[in-house]
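Each chain is listed here by its residues.
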Amino acid sequence: MKILLHVCCGPCAVYPLQVLRDDDIDVTGYFYNPNIHPYREFKRRIGGLVTLADKKKLAVEIDRNYGLTEYLRQVVHNEDRRCSICYDLRLERTAAKALAMGMDGFTTTLLYSRYQNHALLKEKCGLLAEKYGLEFLYRDFREGWQQGIDEAIAMDLYRQPYCGCIYSEQERYDKKLRKRLRRARQKDGAGRPEM
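Since the model is a prediction, treat every value here as computed from it, not as a measurement.

Undergrad: Quick rundown of the pattern of salt bridges? Include the residues and the values.
TA: In the structure shown here, the tally under the stated rule is seven salt bridges. Across the salt bridge formed by Arg139 and Asp23, the nearest N and O atoms sit 3.3 Å from each other. With a gap of 116 residues between them, Arg139 in the loop between β5 (135–136) and α6 (145–154) and Asp23 in the loop between α1 (10–22) and β2 (26–31) connect regions that are remote in the sequence. A salt bridge links Asp88 to Lys124, with the nearest nitrogen and oxygen atoms 2.8 Å apart. In this pair, Asp88 is assigned in helix α4 (residues 82–100) and Lys124 in helix α5 (residues 118–132), connecting sequence segments 36 residues apart. By relative accessible area, which is 14% here, Lys124 ends up buried.

Quick look at the structure:
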């Protein structure tokens, strides 16, 4: 089976790549992430993926166009749905690329993150698989969270401190905002809001 693996960054690809290869799946990586901000962060993440690809002999296609404008045009005034919109942007492009490359299906390293909405990812990818006549290969890669971190550190891969978008960067570094978000979640009795 040939799978296109949407890759958000090198460290998040370490564990999923191992799992897929252990299942005898032929994996090609695809980097398309117009959400990443600022530009230097975008370049650092590409550099980390190139390092991983070299070390793990992973064929990877990298979209080096900095697509922040496209991303912002869709999420501004829709911040409460920003993650959903971002999933649509990245995963639609991934499914279309998988079809164009003659792949059997696709999956994403977003499924490695404890911070992403797995139910929403699964739903969206399922719809895209149907639309493009592909298989969506779902795996809950979160079980290898620490193993992936440890291996990324051992490979000296650049590890970023936030998801990638300007909003997650603010959530990471703005202590006042983090406190407000934490209070709102406690009040609502919910986990991380669907953004």
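Undergrad: Summarise the packing of aromatic side chains; cite the residues concerned and give the values.
TA: Evaluation of the coordinates by the stated rule reveals nine aromatic pairs. Geometrically, the ring pair formed by Tyr115 and Trp145 is edge-to-face, given 5.9 Å between the ring centres and 70 degrees between the ring planes. Here Tyr115 is found in the loop between β4 (105–108) and α5, whereas its partner Trp145 is found in helix α6, with 30 residues between them in sequence. Residue Tyr115 is classed as exposed on the basis of its relative accessible area of 54%. Lying across the ring of Tyr32, Arg93 places its NZ or CZ 4.1 Å from the centre. Against the face of Tyr138 rests Lys122, its NZ or CZ located 4.4 Å from the ring centre.

Undergrad: Pulling in residues and values, what's your account of the confidence of the model for the protein?
TA: Mean pLDDT for the protein: 91, with 93% of residues reaching 70 or above. Within the model, pLDDT remains below 50 along residues 191–195, and this stretch shows 20 contacts once partners closer than five positions in the same chain are excluded.

Undergrad: Help me get a handle on a positive patch on the surface, residues and values and all.
TA: Taken together, Lys175, Lys176, Lys179, Arg180, Arg182 and Arg183 make up a surface patch of like positive charges. Looking at the element boundaries, Arg180 is found in helix α8 (residues 175–188).

Undergrad: Break down the environment of Thr51 for me, citing the residues and quoting the values.
TA: On the secondary structure map, Thr51 appears in helix α2 (residues 39–56). It is 8.6 Å that separates the C-alpha atoms of Thr51 and Met155, two residues lying 104 residues apart in sequence.

Undergrad: Any details on the sheet that holds β5? Residues and values, ideally.
TA: Here we have five strands laid out as an open sheet, ordered β3-β2-β1-β4-β5, and parallel in their pairing. Here the strands that pair on one side only, and so sit at the sheet edges, are β3 (59–62) and β5. As defined by bridge partners, β2 adjoins β3 across four bridges and the pair is classed as parallel. Within the sheet, the bridge partner assigned to Thr28 lies in β3 and is Ala59. On top of the sheet, α4 reaches β1 (2–6), β2, β3 and β4; it is set at about 155 degrees to β1, its chief contact.

Undergrad: Mind laying out the packing of α1 against α2, listing which residues take part and the relevant values?
TA: Across the interface, α1 lies against α2 with an axial gap of 9 Å and an inter-helix angle of 30 degrees. For the element pair α1 / α2, the angle class is roughly parallel. In the crossing of α1 with α2, the sense of the turn from one axis to the other is right-handed. Two secondary-structure elements touch here, α1 through Gly10, Ala13, Val14, Leu17 and Arg21 and α2 through Gly48, Leu49, Leu52 and Lys56. Residues of the contact of α1 with α2, tallied by class, amount to five nonpolar, two polar and two charged.

Undergrad: Lay out the side chain of Thr108 in plain terms, naming residues and giving numbers.
TA: Turning to its location among the elements, Thr108 is positioned in strand β4. Only 3.1 Å separates the side chain of Thr108 from the backbone nitrogen of Leu110, close enough to count as a polar contact.

Undergrad: An account of the side chain of Glu41 is needed here, citing residue identities and associated values.
TA: Checked against the element boundaries, Glu41 lands in helix α2. What makes Glu41 buried here is its relative accessible area of 7%. A polar atom in the side chain of Glu41 sits 2.7 Å from the side chain of Tyr158.

The rules behind each value
Residues numbered from 1 in each chain as written. Predicted model: local features only at pLDDT ≥ 70, side-chain atom pairs only at ≥ 80, totals over all residues. Heavy atoms only, no water. Salt bridge = Lys/Arg side-chain N within 4 Å of Asp/Glu carboxyl O. Helix = DSSP H or I, 4+ residues; strand = E, 2+ residues; numbered from the N terminus. Buried < 20%, exposed > 50% of the residue type's maximum accessible area, 1.4 Å probe, protein only. Phe/Tyr/Trp six-rings, centres within 6.5 Å; stacked < 30°, edge-to-face > 60°. Lys NZ or Arg CZ within 6 Å of the ring centre and 35° of its normal. pLDDT = per-residue confidence, 0-100. Contact = heavy atoms within 4.5 Å. Patch = residues over 30% accessible without salt bridge, like charges linked within 9 Å, V, L, I, M, F, W, Y side chains within 5 Å. Areas by Shrake-Rupley, 256 points an atom, 1.4 Å probe, with all protein chains shown as cover. Lys, Arg positive; Asp, Glu negative; His and termini not counted. Charge placed at Lys NZ, Arg CZ, Asp CG, Glu CD. Pairing = 2+ DSSP bridges. Axes fitted to C-alpha atoms, helices over the stretch in contact; angles between N-to-C directions. Parallel < 35°, antiparallel > 145°, perpendicular 65-115°, else oblique. Left-handed = near helix turned anticlockwise from the far one by under 90°. Nonpolar A, V, L, I, M, F, W, Y, C, P; charged D, E, K, R; others polar. Polar contact = N/O pair within 3.5 Å; in protein donor to acceptor, adjacent residues only side chain to side chain.

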